[in-house]
Amino acid sequence: MNTIARFFSWQVRISRSIDRALFGEMAVDGNSAFCDLLRHEDFREVALAEVGGGKSPFFDAAEVAGRGLSVTGIDLDADELGRAPRGAYARTIIGPIERVIGEGTMTS
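The structure presented is a predicted model; accordingly, all values stated were derived computationally and were not measured.

Q: Sorry, what's going on with the overall build of the chain here?
A: Helix and strand content of the chain: four helices and five strands. Traced from its N-terminal end to its C-terminal end, the chain shows the element sequence α-α-β-α-β-α-β-β-β. The C-alpha atoms of the chain give 17 Å as radius of gyration, which overshoots the globular expectation for 108 residues (13 Å, by more than 25%). Based on the C-alpha atoms only, the size of the chain along its principal axes is roughly 45 × 35 × 25 Å. Taking all 108 residues of the chain together, the buried fraction comes to 22%. For the chain, contacts bridging at least 24 residues in sequence account for 27% of all contacts bridging at least 6. Taking the average place of the 12 positive charges on the side chains of the chain and the average place of its 16 negative ones, the gap between the two points comes to 6 Å.

Next comes the structure, spelled out in structure tokens:
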């Protein structure tokens, strides 16, 4: 593990320790809680944008097909988007999210 990764890992451990000490049972990992909420939400026949998912989209191809979703993958890295499982994204946009407007149009 490189120095930066070790630093961030240490920061996460410290933050979780402080949360447990101050909040005990009320401490919740916000990212995990949000992901659980999305997994159980009854999305059907909707269009979604996934920002930064790249090769690891939130909904897999079977979920996309089963729910009738249309997911647009937005990422800075074309290689990451290209490595996503087939069927996970209906379309992809390569670029920064702050430049995406409307139906995937990029500003200059």
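Now that the structure has been shown, the text picks up again.
Q: What is the right way to read the pattern of salt bridges from this model?
A: Between side chains of opposite charge, a pair can form when the charged atoms approach closely. This structure, assessed with the given rule, holds five salt bridges. Arginine 39 is paired through a salt bridge with glutamate 63; the nearest N and O atoms lie 2.9 Å apart. In this pair, arginine 39 is assigned in helix H2 (residues 30-40) and glutamate 63 in helix H3 (residues 61-67), connecting sequence segments 24 residues apart. Bridged by salt links that share partners, the residues Lys55, Glu80 and Arg83 form one connected network.

Q: Would you take a moment to explain the pairing of strand S1 (residues 47-51) for this structure?
A: Looking down a regular strand, the side chains alternate between one sheet face and the other. Judged from the five bridges that link them, S1 and strand S2 (residues 70-75) form a sheet pairing that is parallel. For alanine 49, the partnering residue across the bridge sits in S2 and is threonine 72.

Q: Looking at this structure, how should I read the sheet that holds S2?
A: Sheet strands pair via backbone hydrogen bonds, and the direction of the pair is either parallel or antiparallel. Read across the open sheet, the three strands follow the order S1-S2-S3; overall the sheet is parallel. Both edges of this open sheet fall to S1 and strand S3 (91-94), since each of them pairs with a single strand only. Sheet twist, expressed as the average angle between the axes of neighbouring strands with direction ignored, equals 20°.

Q: Please explain the side chain of glutamate 50 as it appears in this structure.
A: The topology assignment puts glutamate 50 in strand S1. The buried charged residue glutamate 50 lacks any salt bridge partner; its closest oppositely charged side chain belongs to arginine 39, at an N-O distance of 8.3 Å. In this view, glutamate 50 contacts Ser56, Pro57, Phe58, Phe59, Val71, Thr72, Gly73, Ile74 and Tyr89; residues no more than four positions away in its chain are not counted.

What counts and what doesn't
Residues numbered from 1 in each chain as written. Predicted model: local features only at pLDDT ≥ 70, side-chain atom pairs only at ≥ 80, totals over all residues. Heavy atoms only, no water. Helix = DSSP H or I, 4+ residues; strand = E, 2+ residues; numbered from the N terminus. Rg over C-alpha atoms; globule rule 2.2 N^0.38 Å. Buried < 20%, exposed > 50% of the residue type's maximum accessible area, 1.4 Å probe, protein only. Contact = heavy atoms within 4.5 Å. Lys, Arg positive; Asp, Glu negative; His and termini not counted. Charge placed at Lys NZ, Arg CZ, Asp CG, Glu CD. Salt bridge = Lys/Arg side-chain N within 4 Å of Asp/Glu carboxyl O. Pairing = 2+ DSSP bridges. Axes fitted to C-alpha atoms, helices over the stretch in contact; angles between N-to-C directions.

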